[in-house]
There are 4 protein chains.
Amino acid sequence: MRSYHITGPGGLKSLTEVQADEPEIGPFDVLVEMKAWSMNYRDLAMPYGGYVGNDKVKRNPPMVPLSDGSGEVVAVGKSVDRFKVGDRVAGAFFQKWLDGELTAEQIGSALGGAIDGVLAERVAFHQDGLVSIPKTYSFEQAATLPCAAVTAWQALTLGNPRPGQTVLMLGTGGVSVFALQFAKAFGMRTIITSSSDEKLERARQLGADITINYREHADWERVVVEQTDGIGVDNVIEVGGAGTFEKSIASAKVSGRVSLIGVLTGNPDQNPSPMMALFKRLTVQGIYVGSRAMFEAMNRAIEVNQLRPVIDTQFSFDDVPAAYEHLKSAKHFGKIVITR
Amino acid sequence: MRSYHITGPGGLKSLTEVQADEPEIGPFDVLVEMKAWSMNYRDLAMPYGGYVGNDKVKRNPPMVPLSDGSGEVVAVGKSVDRFKVGDRVAGAFFQKWLDGELTAEQIGSALGGAIDGVLAERVAFHQDGLVSIPKTYSFEQAATLPCAAVTAWQALTLGNPRPGQTVLMLGTGGVSVFALQFAKAFGMRTIITSSSDEKLERARQLGADITINYREHADWERVVVEQTDGIGVDNVIEVGGAGTFEKSIASAKVSGRVSLIGVLTGNPDQNPSPMMALFKRLTVQGIYVGSRAMFEAMNRAIEVNQLRPVIDTQFSFDDVPAAYEHLKSAKHFGKIVITR
Amino acid sequence: MRSYHITGPGGLKSLTEVQADEPEIGPFDVLVEMKAWSMNYRDLAMPYGGYVGNDKVKRNPPMVPLSDGSGEVVAVGKSVDRFKVGDRVAGAFFQKWLDGELTAEQIGSALGGAIDGVLAERVAFHQDGLVSIPKTYSFEQAATLPCAAVTAWQALTLGNPRPGQTVLMLGTGGVSVFALQFAKAFGMRTIITSSSDEKLERARQLGADITINYREHADWERVVVEQTDGIGVDNVIEVGGAGTFEKSIASAKVSGRVSLIGVLTGNPDQNPSPMMALFKRLTVQGIYVGSRAMFEAMNRAIEVNQLRPVIDTQFSFDDVPAAYEHLKSAKHFGKIVITR
Amino acid sequence: MRSYHITGPGGLKSLTEVQADEPEIGPFDVLVEMKAWSMNYRDLAMPYGGYVGNDKVKRNPPMVPLSDGSGEVVAVGKSVDRFKVGDRVAGAFFQKWLDGELTAEQIGSALGGAIDGVLAERVAFHQDGLVSIPKTYSFEQAATLPCAAVTAWQALTLGNPRPGQTVLMLGTGGVSVFALQFAKAFGMRTIITSSSDEKLERARQLGADITINYREHADWERVVVEQTDGIGVDNVIEVGGAGTFEKSIASAKVSGRVSLIGVLTGNPDQNPSPMMALFKRLTVQGIYVGSRAMFEAMNRAIEVNQLRPVIDTQFSFDDVPAAYEHLKSAKHFGKIVITR
């Protein structure tokens, strides 16, 4: 069958299409005919040696890329009782984080990072590593969910979210746009930043209450505080990293929350002081995607609220390198999808 | 000034209009010119001796009735720093439950029950016992909030509410209708029961996803379970009491929640077994209105989601006895309001 | 190998020793040479048709009895990565409740109830259904933990337990004695009831701060309230059922908690009113043993605090019927253990 | 009456004894005859311009120093119902943070910082700003509690503390020593660091399970991880600041907690990266003393567990400057107390 490999930490040129053996399934395994995939910034880090430092691409290449994919069950092992042939499924980002609190052992089960990912025609999963996709979703729509949407879900649902609270999204990447949609479904007030007025207009159409162009407002954290009657927001979906962290802390209310997700911007030599979090009694919460139980709870919210993911562009399985280039350009709004 | 008294536990005839002294205010007090009031089933119990057994109507009559009222600040004591003249406010049900967990001492500060209520032209409150009303609300709309809406809010927000969860409301009284509106603002799925198809139609217009006529379906709990794929609901807003408790437990999912609010129906000699809650690992949570902090958080949700209370009928201050009779008839959908 | 069966719902005479086939293990299974077992009231209900109504003894007899047992790993399937030969383990009460909230599906995995139990010389478990036992424990000590101790642990750790809070235990059965020990390890104040001054003396030796003989004090709930400065306790470990529920509610403080565990006493026709829980804003929490994650957290607490289970009597594998008779007599203090 | 003032941000020489007017009390106020006080590092910052940037010493000097003091009620206003003459009390650090989540407004009520402190013979408090001290405590013992002990309490009780978890204390200052005592009362495993073997020996006497001399072990975070079977601790009581933050994050387990308290050490130009918290899914929780409700809950734990504060040295009211010098020397273990 067709698959892609990252042959080692050699940059985008190390991404190679290969002819791979058909996967075998054990008694608890499920064979999935993959129909669609989606991409995340994390995937861009893999050809360059990985994200965390212990990814398979570095530790034991080659590695099959991508955490996000959906498909149809085509075979099941004899002990499988969670799925049957014909079921429509997606893989969980952490194959072993089923519920409760993440453990070190479970971190080692991240698709397309610690272990091989899903960019192949067929993939064998342990039945515990799969979820049913929302009933009304296409495979393309479902493929957008495992990493970015679950990350946004965990960031919004830890703590004590309440309708009427205000949440701040930074930029219009995949996580931010999902967080915007979920926050509106939660009855929250939403503020979002971007450098592009066009992207802010699209955010408004998705329900953003306040939009801030951070090119025009270098001190956007002041605008955030002004727009919240001087109080600040209840939760910041912090995807920027070192370059925005101080402003995120300034944007949060006393006893508020900064959900720490990304490492996209900033000079690591200019780290912000975490001490600022002290005098505001902030909770700075590291968010690392989420558990299978979170994925399933999120899917219920998607179905009840008829939410639809925002898909930026679709590429074919033949054009995977072009999809990586598009991701690298950072011009997208919402998700980049690969389809067969 | 004009006021009403319940002269003692003598039934509705003990409700009397009186000419009362103007209230005096201390350094931390706020004088409010009352503009509107609303009624709750609890108010109906007061002329009959009270609800809990230690209400002022029995302990030390006469008692000024009603917990729910809104108005405008007309004078403040010299140490008041939370409000100023002209502010639009409502009294908190428990004058002393500001935040955190309810204590026995705070129970003794319930307006129109443990202490005098608000059915007078002017009322003096300690500044801690008031909240600002939603900016876009009329006084009549704001008067509906202190008891029923805050009760619904606490019932929905304790535990870990998430969009996508399912919540069941019993009947279409004040608490149930507010709970329906809040649950929709939370992105939840809603099921509501009534004996009237007309009321169910109105509930659907407010966003109810599933409606059940319990006259037609005596075993409505089975319908609830069917409509939740055999799983049951995440939260039951249980306002019925002994007459519905077993069905509520049967309606809840394993590890679900029954929010215990009311004592409206049923024969106290036929109590249900609380033991049924054990094998489903249910949380049966007694809900007793809520704190001032809950009231304020709710008002933010009301503003962000532009929620409007459902007002059944308005009576004038002259027609208070008629308002009590209408409440007694139980024909209303939403709130009964008194206005000047 | 030797095993016991309950041949059907025929009372204690339906308990029979049998010669059973050796268990086979699949790739994820672990074969355990059982060394010790312990008994719970629930086990007494099984020969009489079961506890919940859908137990295997009724649905599909015969059934191997007992949920609680410990032993040594003697073989592992090829995919097993959680245990190795020689490990000392105990089975988790619910084989499939690993972490998070209990689900209906997981209830169906209760050892010695929904499915066969562990009273056999060798038992095959899926590796997910086992935990390592505390390092310093004998097999006999470890065998006391899966049902009663985990139940006590969950009852004490849900909610927000804090040192300095007061917890009330009813009687001196297995759950109550574990709860007493855990509550002291938590730095809590403890009150315990019994009809026997001798048992109360033993409870005092285990750290009980207040002991109440409920034969001498029929209104023991009044003593509880007196001993808590009129406030009531933070948590009641309610193992009695209908016969004590009203007194438990009277013993709890406002905003307190009743952990509902047992169905031991009382006339089901005289059910208490759950409505009493409303006006005290109580949380009545159904407790049904606990998850594997709870079991593991409890074992850490046991090791750090060097807690030792109280073993009442040990019976040999030959004398299982005598163990059941002793359990039925209800004369024990702590746990009844069976050993090889 | 005698009092001390900090006349402005002029260093320790701006500390001056003055003759002050007797305080007047309003209807809700309580006059306290102060008997003892204690000191915190924060108090050392005040003569140098304050801690947060908006302290009264800078904004509007002079300022009465110290947040921590205890005494006896000698007069009450006519509306006071929480205390009576003769009661033994201590002031709450935040006079207005009674319960629930800290707000910006409440931060402005910090004794000896945002507002005048308690280093005077008599102080008038609003009754809401006082708590009863533990029954068995001397005034000197009680004076140690308001800042350091409540800080330690909040740091240990947020999140979901459980007996058996492991907590790491950095150094042997006031907060760390209280945290050590509370953690043991919680049944937790404790690890503590110091540069002094003598202080570590004293910590062992207080119950420390593991002690690490960070002079001998510059990579003490590795020792912490080794001592926790490679997993890391559940909670780090991080009082060091920038100089230790990275090591604290390395010491925490996946899904663990770093309780951020202090700003004692380190070069602010070498800030650690908060991003490290992301991949371990840590909660970095800013801790800013605590609410009155926390203070009261802590006092119950102190009484039940018969905990005693560790007092390093006592100075007389005449020798306040010497007390400041001793604090500055950082040689103490436990609390520095001032007494009349």
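What you see is a predicted model; the values in this text were computed from it and never measured. (Residues numbered from 1 in each chain as written. Chains lettered and ligands numbered in written order. Predicted model: local features only at pLDDT ≥ 70, side-chain atom pairs only at ≥ 80, totals over all residues. Heavy atoms only, no water.)

Some points on the domain arrangement of chain A
All names here are of chain A. According to the domain assignment, chain A consists of domain 1 (2-147 + 290-339) and domain 2 (159-286). Between the C-alpha centres of domain 1 and domain 2 there is a distance of 27 Å. Between domain 1 and domain 2, the residue contacts involve 17 residues of the former and 13 residues of the latter. Summed over both sides, the interface of domain 1 with domain 2 buries roughly 1,300 Å², with 72% coming from carbon and sulfur. It is Leu307, Val310 and Phe333 that lose the most area in domain 1 upon contact with domain 2, and together they represent 43% of the buried surface on that side. In this structure, the connection of domain 1 to domain 2 is made through 0 salt bridges. At the junction of domain 1 with domain 2, the criterion picks out 2 residue pairs in polar contact (both at pLDDT 80 or more). A per-element tally of the side of domain 1 that touches domain 2 places helix α11 (residues 292-305) first, with 3 residues. (Domains from an automatic or database assignment. Contact = heavy atoms within 4.5 Å. Buried area = accessible area lost by both parts, 1.4 Å probe. Salt bridge = Lys/Arg side-chain N within 4 Å of Asp/Glu carboxyl O. Polar contact = N/O pair within 3.5 Å; in protein donor to acceptor, adjacent residues only side chain to side chain. Helix = DSSP H or I, 4+ residues; strand = E, 2+ residues; numbered from the N terminus.)

As for the side chain of Asp43 of chain A
Residues and elements named next belong to chain A. Residue placement: Asp43 occurs in helix α1 (residues 41-45). Given a relative accessible area of 1%, Asp43 falls into the buried group. Among residues more than four places away in sequence, those in contact with Asp43 are Ser38, Leu66, Ser67 and Tyr324. (Buried < 20%, exposed > 50% of the residue type's maximum accessible area, 1.4 Å probe, protein only.)

Some remarks on the sheet that holds strand β12 (residues 252-260) of chain D
Within the open sheet, the 12 strands sit side by side as β10(A)-β9(A)-β8(A)-β11(A)-β12(A)-β13(A)-β13(D)-β12(D)-β11(D)-β8(D)-β9(D)-β10(D). Their pairing is mixed. Pairing within the sheet leaves two strands with one partner each, and these edge strands are β10 (210-213) of chain A together with β10 (210-213) of chain D. Going across the sheet, the axis of each strand differs from the next one's by a mean of 15°, ignoring polarity. In the packing of helix α6 (residues 174-185) of chain D onto the sheet, the strands contacted are β8 (166-170), β9 (189-194) and β11 (233-238) of chain D, and the crossing angle to β8 of chain D comes to about 165°. (Pairing = 2+ DSSP bridges. Axes fitted to C-alpha atoms, helices over the stretch in contact; angles between N-to-C directions.)

Digging into helix α12 (residues 320-329) of chain B
Residue and element names in this part refer to chain B. The set of residues buried in α12 consists of Val320, Ala323, Tyr324 and Leu327. When α12 is viewed along its axis, its buried side chains cluster within an angular range of 100° and face the same direction. Contacts made by the buried residues of α12 are with β1 (2-6), β2 (15-19), α1 (41-45), β14 (311-316) and β15 (335-339). Of the residues one or two after α12, Ala330 is the one with positive phi, at around 60°. (Arc of directions from axis to C-beta.)

Considerations on the side chain of Gln141 of chain D
Counting through the fold element by element, Gln141 of chain D comes out in helix α4 (residues 139-143). In contact with Gln141 of chain D, not counting residues within four places along its chain, are Thr136, Arg308, Pro309 and Ile311 of chain D.

As for the pairing of strand β5 (residues 88-91) of chain D
Where strand β4 (residues 68-76) of chain D and β5 of chain D come together, 3 bridges link them in antiparallel fashion. Pairing of Ser70 of chain D across the sheet is with Ala90 of chain D, part of β5 of chain D.

Some points on unusual backbone geometry
With an omega of 0°, the peptide bond running from Pro61 of chain C to Pro62 of chain C counts as cis. Secondary-structure assignment places Pro62 of chain C in the loop between α2 (56-59) and β4 (68-76). With phi around 55°, Arg281 of chain B is a residue other than glycine that occupies positive phi space. Phi is positive for Ala330 of chain D, close to 60°, though the residue is something other than glycine. With respect to the helices, strands and loops of the structure, Ala330 of chain D is situated in the loop between α11 (320-329) and β15 (335-339).

Describing the sheet that holds strand β12 (residues 252-260) of chain B
Backbone-to-backbone hydrogen bonds join strands into a sheet, with any given pair of strands oriented parallel or antiparallel. Strand order in the open sheet formed by 12 strands is β10(B)-β9(B)-β8(B)-β11(B)-β12(B)-β13(B)-β13(C)-β12(C)-β11(C)-β8(C)-β9(C)-β10(C), and the pairing between neighbours is mixed. Only two strands of the sheet have a single partner each, and these edge strands are β10 (210-213) of chain B together with β10 (210-213) of chain C. Pairwise comparison of adjacent strand axes, ignoring direction, gives a mean angle of 15° for this sheet. Bridge count between strand β8 (residues 166-170) of chain B and strand β9 (residues 189-194) of chain B: 5 bridges; the pairing is parallel. Within the sheet, the bridge partner assigned to Val167 of chain B lies in β9 of chain B and is Thr190 of chain B. Lying over the sheet, helix α5 (residues 145-157) of chain B contacts β8, β11 (233-238) and β12 of chain B, oriented at roughly 155° with respect to β11 of chain B. With respect to the sheet, helix α5 (residues 145-157) of chain C is in contact with β8 (166-170), β11 (233-238) and β12 (252-260) of chain C, its orientation differing from that of β11 of chain C by roughly 155°.

With respect to the environment of Ser70 of chain C
Residue and element names in this part refer to chain C. Among the structural elements, Ser70 can be located in strand β4. Residue classification places Ser70 among the buried positions, given a relative accessible area of 1%. A sequence separation of 63 residues divides Ser70 from Ile133, and the C-alpha atoms of the two residues are 8.0 Å apart. Once residues within four sequence positions are removed from consideration, Ser70 is found in contact with Glu33, Met34, Lys35, Ala36, Val89, Ala90, Phe139, Ala142 and Ala143.

Topic: the pattern of salt bridges
Pairing of side chains with opposite charge becomes possible as their charged atoms draw close. According to the stated counting rule, one finds 80 salt bridges over all chains in the structure shown. In this structure, the salt-bridge partner of Arg122 of chain A is Glu22 of chain A, at a minimum N-O distance of 2.5 Å. In this pair, Arg122 of chain A is assigned in strand β6 (residues 122-126) and Glu22 of chain A in the loop between β2 (15-19) and β3 (29-38), connecting sequence segments 100 residues apart. For Arg122 of chain A, a relative accessible area of 17% translates into the label buried. Here Glu221 of chain D makes a salt bridge to Lys247 of chain D, at a shortest N to O gap of 3.1 Å. Placement of Glu221 of chain D in helix α8 (residues 220-226) and of Lys247 of chain D in helix α9 (residues 245-251) is noted, with a sequence separation of 26 residues between them. A relative accessible area of 16% places Glu221 of chain D in the buried class.

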